[in-house]
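Overview (structure and organization)
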Amino acid sequence: MARRTTFDFVIAANRLPVDRVVGPDGEVEWHRSPGGLVTAMDSVMRGRDGAWVGWAGDTGDAPEPFDEAGMWLHPVPVSAEEVEQYYEGFSNDTLWPIYHDVIVPARFRRVWWQAYERVNRRFAEAIAEVAAKGAVVWVHDYQLQLVPAMVRELRPDVRIGWFDHIPFPPVELFAQLPWRQQLLTGLLGADYLGFQRQADAQNFVRACRQHLGASTKGETVTLPSDEGRPQRTVRASAVPISVDFEGLDALARTPEVQERAAEIRASLGSPKTLLLGVDRLDYTKGIRHRLKAYEELLADGRLSTPDVTFVQVATPSRERVEAYKQLRTEVETTVGRINGNHGAIGSPAVHYLHQSYPREEMAALFLAADVMLVTPLRDGMNLVAKEYVTCRHDNGGALVLSEFTGAWHELHQAFVCNPHDIEGLKQTILRAIGTEAKDKERLMRALRRRVADHDVRVWADRFLANLEAAPERPERRRDAS
Ligand code: GDG
């Protein structure tokens, strides 16, 4: 039977949930990407008639739409120039810094904005093509902020939700964007907007009041009637994302992962304390601050090798963007200095791994680590913190967590830190190491309970329930009658 070409449930994200793999004989295969979003959407897609619209990751012509893992995948073409301008440029060199407290300066280029508009329109057209009448459309993240209004224009019959995976900036920072009104108007095309924290939703509401003159009340923004369009209200609220607790917990309990965790500790020389960091190599993650605190603790003699060692996995990321190149140089110079000054033959102070690993290896690392260092300067949520907790079925380990992550708003039993305060960060690391095992177990048990009760399925269900509860749009009613 031929596959239907329209769907009742449509997801749109910058990337499709698969990676293209070319086999030894040149045949193309698609492998599911390991990310949390894919797992979350799996459970949402189950029993639904679902399609996913996104970029396949290669430039030039997009592959024909295809069926994979129970979903209809609809690739959107993005040219090499658009990757530079829409993705690396506007998304990651303009929006990303503004939305993360301008840790590095944002760069504004009008051609980048034009590419962003163009690619967003292409996504909206693809969605309009695959969405069935009255479909639910769930748009993801900062790369696609114009899509809600563009889809609404093309398809007033569908219900549109958007989820912001990263922070939404305070209005004073958002105001720097020359295209601030267009971005807000783009988002307000949605029926419901979900954010990681209440503060993010409030920042958005405030921006609408200040830059669009919209009237706002609590979580809602009301737009006046305009050019024949009736007045309407859009809700913006917090629905914090989470992890697949059940799946990851089960993985961490497998004998293979447990053996591998023991093997990792042994191959590191069985240190008394193993510190771990796992991040995309991104300036938002506070890797430099973490290294500085560790270096000072070694220099002060409060920590020493081989009793203590630190494994930092820094997954390659956005390597063509200048700020990321600079960060890599700084991190690698610092690691070299720390090892030069504090390492010994067979026992380096830092094991720095600029690589990415399979899920099983990540779970084993989490299980092996005594202290997990999550020290971002700003992070929408930080799933690594929740993954660490999920893997600790032994109630072992300790989580050091920055107050500038979304995760901190849920994980109050972590050892909280302000990564800008190096002295405070050092004290927190020492406290996490030194706290008695039974006290750490109590904290870990509470952290695990929180993540188990608020897993990724709860997140998706809450988002969709809020979208479902959005007021019926007058034009949709008209259309349906
Ligand atoms: C954005 C927001 C928000 C990393 N290295 C490897 C690997 N990872 C996985 C982690 C985790 C994911 O990548 C990273 O998620 P984070 O949440 O930590 O950070 P971002 O990439 O910045 O994600 C963030 C998130 O969106 C979701 O809304 O929490 O705030 O910035 O799952 O485990 N996975 C594997 N190998 C690696 O080497 N398999």
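Here is what the cut-offs are and how they apply
- Residues numbered from 1 in each chain as written.
- Predicted model: local features only at pLDDT ≥ 70, side-chain atom pairs only at ≥ 80, totals over all residues.
- Heavy atoms only, no water.
- UniProt positions renumbered as here; feature names shortened; annotations may be inferred.
- Helix = DSSP H or I, 4+ residues; strand = E, 2+ residues; numbered from the N terminus.
- Rg over C-alpha atoms; globule rule 2.2 N^0.38 Å.
- Buried < 20%, exposed > 50% of the residue type's maximum accessible area, 1.4 Å probe, protein only.
- Contact = heavy atoms within 4.5 Å.
- Areas by Shrake-Rupley, 256 points an atom, 1.4 Å probe, with all protein chains shown as cover.
- Lys, Arg positive; Asp, Glu negative; His and termini not counted.
- Charge placed at Lys NZ, Arg CZ, Asp CG, Glu CD.
- Pairing = 2+ DSSP bridges.
- Axes fitted to C-alpha atoms, helices over the stretch in contact; angles between N-to-C directions.
- Phe/Tyr/Trp six-rings, centres within 6.5 Å; stacked < 30°, edge-to-face > 60°.
- Near = heavy atom within 4 Å.
- Polar contact = N/O pair within 3.5 Å; in protein donor to acceptor, adjacent residues only side chain to side chain.
- Nonpolar A, V, L, I, M, F, W, Y, C, P; charged D, E, K, R; others polar.
- Salt bridge = Lys/Arg side-chain N within 4 Å of Asp/Glu carboxyl O.
- Expected span 1.5 Å × (residues − 1).
- Arc of directions from axis to C-beta.

The name that an unreviewed UniProt entry assigns to the chain is Trehalose-phosphate synthase, with the source organism given as Janibacter melonis. Of the chain, the UniProt comment under Sequence similarities (unreviewed entry) reads exactly: "Belongs to the glycosyltransferase 20 family."

**What about the overall build of the chain?**
Scanning the chain from terminus to terminus reveals 17 helices and 18 strands. The C-alpha radius of gyration computed for the chain amounts to 23 Å, which stays within 12% of the reference 23 Å derived for 481 residues, consistent with globular compactness. Principal axes of the C-alpha set define a box for the chain whose edges measure 75 × 55 × 45 Å. Evaluated residue by residue, the chain yields a buried proportion of 57% over its 481 residues. Partitioning the intrachain contacts of the chain with sequence separation of at least 6 by distance along the chain shows that 73% fall at a separation of at least 24. When the accessible surface of the chain is totalled, it reaches about 19900 Å², and 48% of it is carbon and sulfur. Taken together, the 59 basic and 67 acidic charged side chains of the chain have centroids lying 5 Å from each other.

**Some details on the sheet that holds strand β8 (residues 159–163)**
Consider a sheet: its strands pair through backbone hydrogen bonds, and that pairing is either parallel or antiparallel. Read from one edge of the open sheet, ten strands run β5-β6-β4-β1-β7-β8-β9-β12-β11-β10, paired in mixed fashion. At either margin of the open sheet sits one strand with a lone partner, and together these are β5 (66–68) and β10 (215–217). The mean angle between the axes of side-by-side strands here comes to 25°, regardless of whether they run parallel or antiparallel. When strand β4 (residues 50–55) meets strand β6 (residues 71–75), the two strands line up parallel, connected through four bridges. By the bridge assignment for β6, W52 is matched with L73. Strand contacts of helix α3 (residues 110–130): β1 (7–15), β4, β6 and β7 (131–140), with the helix running at about 160° to β4, the strand carrying the most contacts. Sitting on the sheet, helix α7 (residues 198–212) touches β9 (192–195), β10, β11 (220–223) and β12 (232–238), and the angle it makes with β12 is about 150°.

**Focus on the packing of aromatic side chains**
Scanning the entire structure with this criterion turns up 26 aromatic pairs. Ring geometry for Y86 against Y116: centres 6.1 Å apart, planes inclined by 35°, an arrangement best described as tilted. A residue pair is termed long-range when its members are at least 10 positions apart, and Y86 in helix α2 (residues 80–99) and Y116 in helix α3 qualify at 30 residues. Take Y86 and Y116: they sit in the same class, and that class is buried.

**What about the site of the ligand?**
Taken together, 19 residues surround the ligand, and among them H165, T315, Y357, D379 and E387 come closest. A distance of 3.0 Å separates an oxygen atom of the ligand from a polar atom in the backbone of G380. When residues of the shell around the ligand are traced back to their parent elements, those giving at least two are α12 (359–368) and α13 (383–391). A per-element tally of the shell around the ligand places α13 first, with three residues. Looking at the shell around the ligand residue by residue, the classes come out as eight nonpolar, six polar and five charged.

**A look at the pattern of salt bridges**
Summed over the entire model, instances satisfying the criterion amount to 39 salt bridges. Across the salt bridge formed by D157 and R155, the nearest N and O atoms sit 2.8 Å from each other. Taken individually, D157 and R155 each receive the classification buried, so the pair is uniform in this respect. Between E219 and R235 there is a salt bridge, and its shortest N-O distance comes to 2.9 Å. Here the residue E219 occupies a position in the loop between β10 and β11, and R235 occupies one in strand β12, the gap between them amounting to 16 residues. The class of E219 is partly exposed, set by a relative accessible area of 27%.

**A few points about helix α9 (residues 255–267)**
Since one α-helical turn is 3.6 residues long, residues separated by three or four positions face the same way. End to end, α9 covers 18 Å across 13 residues, agreeing with the expected 18 Å (1.5 Å per residue, within 8%). Taken together, the buried positions of α9 are occupied by V257, A261 and I264. Along the axis of α9, the buried residues cluster in a sector spanning 60°; they form a single face. Projecting away from the buried face of α9 at angles above 90 degrees are the exposed residues P255, E256, E259 and S267. Those residues of α9 that are buried are in contact with α8 (245–253) and α12. One or two steps after α9, the chain reaches G269, where phi turns positive at roughly 90°.

**A few points about the sheet that holds strand β14 (residues 308–315)**
Ordered in space as β15-β14-β13-β16-β17-β18, the six strands form an open sheet in which the pairing is parallel. The open sheet has two edge strands with one neighbour each: β15 (350–353) and β18 (415–417). Here the average twist between neighbouring strands, direction ignored, is 20°. Note: strand β17 (residues 398–402) against β18, three bridges, orientation parallel. Opposite S402, over in β18, you have C417 as the bridge partner.

**Focus: α2**
An ideal rise of 1.5 Å per residue puts 28 Å on 20 residues; α2 reaches only 25 Å between its terminal C-alpha atoms. Taken across its 20 residues, α2 has 16 buried, putting it largely inside the fold.

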